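Summary of the model geometry
Chain residues, written in single-letter form:
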Amino acid sequence: QVQLVESGGGLVQAGGSLRLSCLASGQPFSSHAMGWFRQAPGKEREFVAVINWSGTNRFYADSVKGRFTVSRDNGKNTVYLQMNSLKPEDTAVYFCAVRVYYSGSYATSGEYGHWGPGTQVTVSS
């Protein structure tokens, strides 16, 4: 069983940057694609980014493309989300998860499991 813990969230002014980390423990995660999602108050959880097992393929939501970068270090069992040019609308709880199903789109939360507890990101205007 893989356990995930996110860290690196906080309060930042618009235009600033944060780097989130997602540390995996338990079973090795190096063979799994990993996703980042976020959920703002009163809204559904939405896809942010996904990275394949080797780090060679990455996909992003249109809302973060060009500003966020997903990466991974399999030697450290860690996935990262570098967030630049942050906007108030990026305010949300950010979650990482393991892609466990391949029956549909990588942007669908139902394709993922072993969710971490999340880390709060707040961007002030």
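Computed from a prediction, not measured in an experiment: that's the story for all the values here. (Residues numbered from 1 in each chain as written. Predicted model: local features only at pLDDT ≥ 70, side-chain atom pairs only at ≥ 80, totals over all residues. Heavy atoms only, no water.)

**What to know about the state of the cysteines**
In this structure the tally under the stated criterion is one disulfide. The disulfide bridge from Cys22 ends at Cys96, spanning 2.0 Å between sulfur atoms. The chirality of the disulfide connecting Cys22 with Cys96 is right-handed, given an S-S dihedral of about 70°. Note that Cys22 is positioned in strand E3 (residues 18–26) and Cys96 in strand E9 (residues 92–99), a separation of 74 residues in sequence. (Disulfide = S-S within 2.5 Å. Helix = DSSP H or I, 4+ residues; strand = E, 2+ residues; numbered from the N terminus.)

**Looking at the nonpolar core**
Counting 35 residues, the largest nonpolar core has Trp36, Leu81, Met83 and Tyr94 as the members making the most contacts within it. Elements with a contribution of two residues or more to this core: strand E1 (2–7), E3, strand E4 (34–39), strand E5 (46–51), strand E7 (68–73), strand E8 (78–83), E9 and strand E11 (119–124). Setting aside chain neighbours within four positions, we find Leu81 in contact with Leu18, Arg19, Leu20, Trp36, Val48, Ala49, Phe68, Thr69, Val70 and Tyr94. (Core = buried A, V, L, I, M, F, W, Y, C linked by side-chain atoms within 4.5 Å. Buried < 20%, exposed > 50% of the residue type's maximum accessible area, 1.4 Å probe, protein only. Contact = heavy atoms within 4.5 Å.)

**Considerations on the pattern of salt bridges**
Under the defined criterion, the tally for this structure stands at five salt bridges. Of the charged contacts in the structure, one is a salt bridge between Arg38 and Asp90, with a shortest N-O distance of 2.9 Å. Taken together, the residues span a long stretch of sequence, with Arg38 in strand E4 and Asp90 in the loop between E8 and E9 at a distance of 52 residues. For the pair Arg38 and Asp90, one class covers both residues: buried. For Asp62, the salt bridge is made with Lys65, and the minimal N-O distance between the two is 3.1 Å. (Salt bridge = Lys/Arg side-chain N within 4 Å of Asp/Glu carboxyl O.)

**Digging into the sheet that holds E7**
Strand pairing in a sheet relies on backbone hydrogen bonds. The paired strands run either parallel or antiparallel. Read from one edge to the other, the open sheet built from four strands follows the order E1-E3-E8-E7, with strand pairing classed as antiparallel. Each of the sheet's edge strands pairs with one partner strand only, and the pair in question is E1 and E7. The mean angle between the axes of side-by-side strands here comes to 15°, regardless of whether they run parallel or antiparallel. As judged from the six bridges shared by E3 and E8, these two strands associate in the antiparallel manner. Bridged to Leu18 within E8 is Met83. (Pairing = 2+ DSSP bridges. Axes fitted to C-alpha atoms, helices over the stretch in contact; angles between N-to-C directions.)

**Re the pairing of E3**
As paired elements, E1 and E3 share six bridges and run antiparallel to each other. Looking at E3, one finds that Gln3 is bridged to Ser25.

**Some details on the packing of aromatic side chains**
In the structure shown here, the tally under the stated rule is seven aromatic pairs. Summarising the aromatic geometry, the rings of Phe37 and Phe47 are spaced 5.7 Å apart at their centres and angled 75° between planes, so their arrangement reads as edge-to-face. Highlighted residues: Phe37 in strand E4 and Phe47 in strand E5, separated in sequence by ten residues. Residues Phe37 and Phe47 agree in their burial class; the two are buried. With centroids separated by 5.4 Å and ring planes inclined at 55°, the aromatic side chains of Phe47 and Tyr106 adopt a geometry described as tilted. A residue pair is termed long-range when its members are at least 10 positions apart, and Phe47 in strand E5 and Tyr106 in the loop between E9 and strand E10 (112–113) qualify at 59 residues. Above the ring of Phe95, the side-chain terminus of Arg45 is found at 3.9 Å from the ring centroid. Directly above the ring of Trp115 sits Arg45, whose terminal nitrogen or CZ lies 4.6 Å from the centroid. (Phe/Tyr/Trp six-rings, centres within 6.5 Å; stacked < 30°, edge-to-face > 60°. Lys NZ or Arg CZ within 6 Å of the ring centre and 35° of its normal.)

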